[in-house]
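Fold and contact review
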Amino acid sequence: MSHFILKKRYILLGSLVLVCGLCALFYFTVPRIQYEAAAMEENSEILNNPYCGFYHLYGYLLSEEGREPAQQWCENMLANDSQSILLLQINLKNYSGSPISNSALDQLDTILSTFSGADRQLIVRFLYDWEGNALQTEPASQERILSHMKQVAPVVNRFSSHVFLLQGIFTGNCGEMNQTHYGDREHLTLFMETLASVTSPDIFLSVRTPQHLRIITGTRTPLDSSQAYTGGLPARLGLYNDGMLGDVYDCGTYDDTPFAGTSDPAEKGTRSEEIRFQNQLCLYVPNGGEAVLDNPYNDLNRAVPDLRQMHVSYLSADHDSSVLDKWKASQFQGTPGDPFDGADGYDYIAAHLGYRYVVRNSWVTGTEGFRPRPALHITVENTGFSPAYRSFDTEILLHNTSSGEKISLPVAFDNRTLLPDKPQTLSVSMDIKSIPAGTWQLSLSMTDQSTGISIQFANGGQSSEEDVVCGQLSIK
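This section reports on the structure supplied with the text. Predicted model only: the values in this text are computed from it and were never measured.

**With respect to the overall build of the protein chain**
Looking only at helices and strands, the protein chain has 12 helices and 16 strands in total. Dimensions of the protein chain, computed from C-alpha atoms along their principal axes, come out at roughly 120 × 50 × 45 Å. Going through the 476 residues of the protein chain one by one, you find that 53% of them count as buried. Looking at the protein chain alone, contacts between residues at least 24 apart form 78% of all its contacts between residues at least 6 apart. By element, 51% of the accessible surface of the protein chain is carried by carbon and sulfur atoms, the whole surface being about 20,500 Å².

**Quick notes on helix α12 (residues 345-352)**
With respect to burial, α12 is a largely interior element, 7 of its 8 residues being buried. All of the buried residues in α12 are Gly345, Tyr346, Tyr348, Ile349, Ala350, Ala351 and His352. Buried residues belonging to α12 abut β2 (53-61), α10 (300-309), β9 (314-316) and α11 (321-328). In this structure aspartate 344 caps α12, since a side-chain oxygen of it lies 3.0 Å from the backbone nitrogen of tyrosine 346. Taken from the residues just after α12, glycine 354 is the one with a positive phi, measuring 80°.

**Remarks on the nonpolar core**
Counting 106 residues, the largest nonpolar core has Leu88, Ile90, Phe126, Tyr357, Ile396 and Leu444 as its most contacted members. Residues in contact with isoleucine 396, not counting those within four places in the same chain, are Leu376, Ile378, Ile407, Ser408, Leu409, Val411, Val428, Leu442, Ser443 and Leu444. Phe54, Met244, Ala303 and Leu324 belong to the second largest nonpolar core, which has 25 residues in total.

**A closer look at the sheet that holds β9**
Reading around the barrel, the 8 strands line up as β2-β3-β4-β5-β6-β7-β8-β9 and close back on themselves, with parallel pairing between neighbours. Between one strand and the next, the sheet's axes are offset by a mean angle of 30°, whatever the strand orientation. In this sheet, strand β6 (residues 204-207) lies alongside strand β5 (residues 163-167) in parallel orientation, the contact comprising 3 bridges. Within β6, the position partnered with leucine 165 by the bridge is phenylalanine 204. Sitting on the sheet, helix α7 (residues 210-217) touches β6 and β7 (237-244), and the angle it makes with β7 is about 155°.

Procedures and definitions
Residues numbered from 1 in each chain as written. Predicted model: local features only at pLDDT ≥ 70, side-chain atom pairs only at ≥ 80, totals over all residues. Heavy atoms only, no water. Helix = DSSP H or I, 4+ residues; strand = E, 2+ residues; numbered from the N terminus. Buried < 20%, exposed > 50% of the residue type's maximum accessible area, 1.4 Å probe, protein only. Contact = heavy atoms within 4.5 Å. Areas by Shrake-Rupley, 256 points an atom, 1.4 Å probe, with all protein chains shown as cover. Polar contact = N/O pair within 3.5 Å; in protein donor to acceptor, adjacent residues only side chain to side chain. Core = buried A, V, L, I, M, F, W, Y, C linked by side-chain atoms within 4.5 Å. Pairing = 2+ DSSP bridges. Axes fitted to C-alpha atoms, helices over the stretch in contact; angles between N-to-C directions.

Right, dumping it as structure tokens:
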């Protein structure tokens, strides 16, 4: 055998040893990763999440009584209300002819502070009338109303984390912008622009009808994603409909003739036209109110599609009792496998007002190769009637099942874009070198940025108040 052939064999043998050594080194030093996804199912639980659901209404008349009666009043209300969201109607009629006193402003501060301190999310409506007599109780001049807006704004702004939205512009019977001295285009625009200018951009505003909204914004084109959440007036302006489902016109909210060919924003459209308008608009701004007057339009099988198209996120639990009782006596007919099939109509609606997040599945990619770069992917669906309109912090939580060690991985995700019935997949890369070997439970968590409240998920047998378990990661 020649020296050349022998040398060649030594080289081949050395190369083989080197390759085997590298393979052994890879086997013993590169992490081996396995992921077992949890089985995910939607439950039929009514979640208690911020900014949505059935609410109770509380009215308070500002006066010269002082702070103590206001404090006691709040405590009495809270003792009997477990809902996360509520409506406060603050009556200013005692000050129709004068500035709001410091004593009255102190009462307002006490009320907002107490409810915010109890982690309630607040819908607030300022008004001068509860009896249908706004023409007699409203201030005689627009300047008085504008000055009242400017007086209450600093108090409201201090609690912008919990004041979700303001309803109306202080005018009309029961604050509904009707039967008022100030219902023309000029006053509608002036009052809303003033209210927007003095209140925090974090607080949504709302008007009684789509017609009011179009008059103020000056366009028949509803808000779209390019304008949403910019802090300007159009991006803050939603709706409150206290005649919801009351008849074909929602008690004067809609008209009996279609839109004309003109672009006049002051026109009202028919029911179907206005619901289509809300279907686009209320992907980005809230909509809610009262369901009233037992009639075929609020029969369960007709109400649910309309509530879904209007993206309703909050409804009164007090009015109209005849409608609410009808829903409680009705059964929702779902498709096979629907967790709500056979549930009573009231519970179905309660569970779907606003957003309802469900984790559908999860998986891990990037576990193969000499340099694994694993990434966790989680598909989430919103089965509620509307999006969430405030931002939540999203993170993946890793919990070591042996040591108890916890690791948090932030997820760059804007939850406001999770629209109803349009699932999205969240993805986050995992730095495997920074995660010790062991078995880790992986969960998804969301927390409201404004209030710090944890968001509940609708996953049966998987969720806690803080997170929803998605699967188990093994690193060896």
